[in-house]
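# Architecture and fold: a report
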Amino acid sequence: MSRDLANHIRGEDLPPASGNWLENLEPATGAVIGRVPDSGEKDIARAVAAAGQAQPDWAARPVAERARLLEGLADYIAAHADWLAGLESADTGKPLALARDVDMARAEANLRFFAGAVTHWSGQSHDMGSAGLNYSQTTPLGVVACITPWNLPLYLLTWKIAPALAAGNTVVAKPSELTPSTASALARAATETGFPPGVFNLVHGAGPTAGQALVDHPDIRGISFTGGTVTGRNLARNAAGRLVRLSLELGGKNPAVVFDDADPDKVAEGLVRAGFTNQGQVCLCSSRILIHESIYSAVRDRLAQRVGDLKVGDPRSPDTDQGALVSAAHREKVLGYIDQARRDGGRILCGGEPVQPPGRCENGWFVSPAVIEDLPADSRVIAEEIFGPVVTLQPFADEDQAIELANQTEYGLAATVWTKDLNRAHRVAGRLEAGIVWVNGWLVRDLRTPFGGMKASGVGREGGFRSLEFFTETRNVCIVYD
Ligand code: NAD
């Protein structure tokens, strides 16, 4: 069934001002499943104006009321999780079960978390004795932009809009043009569940047009962006001119460091999840697996066996482990890296081939998950973010070499360490250039913790009160006693 999506501005569904549309394609079949507004400056101007008008009233509402509305939106997601998961799976190609159990569960949790966080958030006071007293006031930034990628559409959109709205801002959001459907559903749901018109606005469209117009708009006071490092760099360059508040969550090329005391079976099981969840299209996925030479072959063989057993196929099928990649272009990019690995002398232990599942999905964009070893350390396949179902293996001799290899990247988002030695775990975690380190696990999340990357993986941290601080200005008031 083909459907046209709409921008959602001032509580109303609107077509793009230009009358132009983009196609929404289903990765699992290659078929057109709808049209997405190809928005531009006019749509953005309309949305920013609506958000600007709604902002003073929204900011003046009691915190408890804003929290209640966020809870209501969370209830909507919970009540419509199966339907929303179907939209998400169709847009992204990810297995339906993953969309329901991870994406929808987390979208709901994000809204509930920030509804709670804002009601527990407090200011500071600094007593100067007989001289006076300082206290802090926080005020929302105003109208903010939330820009999100295609890999975790509703999960990341709610992660941004929830703290922005909780803190009293109004929002203009621009989701990825590749995965627009759940964002449209969310924007409509916000209006249905009682958010005042103009508080949460959504504009669809391509990055260089709709996205660029949004970040360039002079009335935007904060930009929260998650996406690729190249886009983030350009955005930072532009934002510098206006000195607008900016949060950047960017790419990664995350190491997993496996020490000699780790259990090869448990590690292999953990690495399948860390490397291949969502077809390896999670910014946090472990894509460079570093293994101590004494257990290298034991871990390699178990990992290759398990990855080779993953079932690639229709995302709707309950026994599918790996769905489709998000676009034909992305599949070509991933296959290009696998060809590069062959040219660089790499040995492909499993996968790395285009797959055409029979039936409904025979024209979809599938690639079998790949494990590659024997690449030279300077291979592009090891250095660059592939963002697909591909991991590389490298042996190391000792802890220093492991850390040197782990940090040998422009990125610094996440790392995993696999060891039973607690002393070593703490020591190594403290030397890894990564904003997030998991020891003996992956993607175990507590939403209060700092989330973000070092180096080319981003600027700033999200999570807990940090997200609320990002979306507010702080003012110190000093009362001088006379
Ligand atoms: P992308 O940078 O191409 O696009 C991200 C968003 O930015 C999209 O909505 C896009 O339309 C928009 N955009 C593109 N050009 C723009 C411009 N000039 N001005 C304003 N907006 C613009 O990224 P993608 O391909 O959608 O996502 C994949 C990338 O996202 C990967 O690099 C991945 O690692 C990263 N990512 C990072 C995190 C994190 O938390 N660090 C999470 C998920 C994904």
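What counts and how
Residues numbered from 1 in each chain as written. Predicted model: local features only at pLDDT ≥ 70, side-chain atom pairs only at ≥ 80, totals over all residues. Heavy atoms only, no water. 1 Å grid on protein atoms, 1.4 Å probe; cavity = no way out; pocket = protein on both sides within 12 Å on 5 of 7 lines; lining within 4 Å. Points joined across faces, edges and corners; volume = space filled by probe spheres on them. Helix = DSSP H or I, 4+ residues; strand = E, 2+ residues; numbered from the N terminus. Nonpolar A, V, L, I, M, F, W, Y, C, P; charged D, E, K, R; others polar. Domains from an automatic or database assignment. Buried area = accessible area lost by both parts, 1.4 Å probe. Salt bridge = Lys/Arg side-chain N within 4 Å of Asp/Glu carboxyl O. Polar contact = N/O pair within 3.5 Å; in protein donor to acceptor, adjacent residues only side chain to side chain. Phe/Tyr/Trp six-rings, centres within 6.5 Å; stacked < 30°, edge-to-face > 60°. Buried < 20%, exposed > 50% of the residue type's maximum accessible area, 1.4 Å probe, protein only. Near = heavy atom within 4 Å. Sits in = over half its atoms within 2 Å of the grid points. Pairing = 2+ DSSP bridges.

Rolled over the atoms, a probe with the dimensions of a water molecule shows which regions are left empty. Approximately 940 Å³ is the volume attributed to the largest pocket. Mapped by element, the contributors of at least two residues to the lining of the largest pocket are α7 (207-216), β11 (220-226), α8 (229-242) and α11 (328-343). No other element matches α8, which puts seven residues into the lining of the largest pocket. Looking at the lining of the largest pocket residue by residue, the class counts come to 16 nonpolar, 16 polar and seven charged. The two domains that each donate at least three residues to the lining of the largest pocket are domain 1 (3-250 + 457-478) and domain 2 (254-446). Here the second largest pocket is characterised by a volume of approximately 360 Å³. Elements supplying a minimum of two residues to the lining of the second largest pocket: α2 (63-79), β7 (132-140), α15 (464-470) and β25 (472-480). Tallying contributions element by element places β7 first for the lining of the second largest pocket, with five residues. When the residues that make up the lining of the second largest pocket are grouped by side-chain class, the tally is seven nonpolar, eleven polar and two charged.

Now for the domain arrangement of the protein. As assigned here, the protein comprises domain 1 (3-250 + 457-478) and domain 2 (254-446). Interface area, domain 1 with domain 2, both sides summed: about 2,100 Å², of which 58% is carbon and sulfur. The largest per-residue losses of area from domain 1 upon contact with domain 2 belong to Ala-28, Trp-150 and Ser-457, which jointly make up 24% of the total buried on that side. Joining domain 1 to domain 2, the criterion identifies two salt bridges. The closest approach of N and O atoms between Glu-26 and Arg-360, which form a salt bridge, is 3.4 Å. Our count for the domain 1 to domain 2 interface comes out at nine residue pairs in polar contact (both at pLDDT 80 or more). Mapped onto the side of domain 1 that touches domain 2, the elements with two or more residues apiece are α3 (81-92), α4 (96-119), α5 (153-166) and α8.

This paragraph deals with the packing of aromatic side chains. On inspection of all chains with the given rule, the structure shows six aromatic pairs. Plain terms: the ring middles of Phe-114 and Trp-159 are 5.5 Å apart, the flat faces sit at 55 degrees to each other, and that makes the pair tilted. Residue Phe-114 is located in helix α4, and its partner Trp-159 is located in helix α5; the two are separated by 45 residues in the primary sequence. Each member of the pair, Phe-114 together with Trp-159, is buried. Seen from their ring centres, Phe-470 and Phe-471 are 4.9 Å apart, and the 80 degrees between their planes marks the pair as edge-to-face. For the pair Phe-470 and Phe-471, a shared accessibility class is recorded, and that class is buried.

Surveying the vicinity of the ligand reveals 27 residues, the closest of which are Glu-177, Gln-212, Thr-231, Leu-250 and Glu-385. Take Lys-174: an N or O atom from its side chain is 2.9 Å from an oxygen atom of the ligand. Within the backbone of Gly-227, a nitrogen or oxygen atom sits 3.3 Å from an oxygen atom of the ligand. Judged by its atoms lying within 2 Å of the grid points, the ligand is housed in the largest pocket. If you list the elements that add at least two residues to the shell around the ligand, you get α7 and β11. Sort the elements by how many residues they give to the shell around the ligand and α7 lands first, with three residues. The residue makeup of the shell around the ligand, split by class, is eleven nonpolar, twelve polar and four charged. Here the shell around the ligand spans two domains, since at least three of its residues come from each of domain 1 (3-250 + 457-478) and domain 2 (254-446).

To continue, consider the pattern of salt bridges. Tallied over the entire structure, the rule returns 31 salt bridges. Here Arg-380 makes a salt bridge to Glu-384, at a shortest N to O gap of 3.1 Å. Here Glu-384 falls in the partly exposed class, since its relative accessible area comes to 27%. Its salt-bridge partner being Glu-399, residue Arg-427 comes within 2.7 Å of it at the nearest N-O pair. Of the two residues, Arg-427 sits in helix α14 (residues 422-431) while Glu-399 sits in helix α13 (residues 399-407), which places them 28 residues apart along the sequence. Judged by its relative accessible area of 42%, Arg-427 falls in the partly exposed class.

Let us now look at the sheet that holds strand β4 (residues 21-25). Strands belonging to one sheet form pairs held by backbone hydrogen bonds; the direction of such a pair is parallel or antiparallel. With mixed pairing, the three strands of this open sheet are ordered in space as β1-β5-β4. Two strands close off the open sheet at either side, each with one partner strand: β1 (3-4) and β4. Both β1 and strand β5 (residues 32-37) contribute to a ladder of two bridges, which runs parallel. Pairing of Arg-3 across the sheet is with Gly-34, part of β5.

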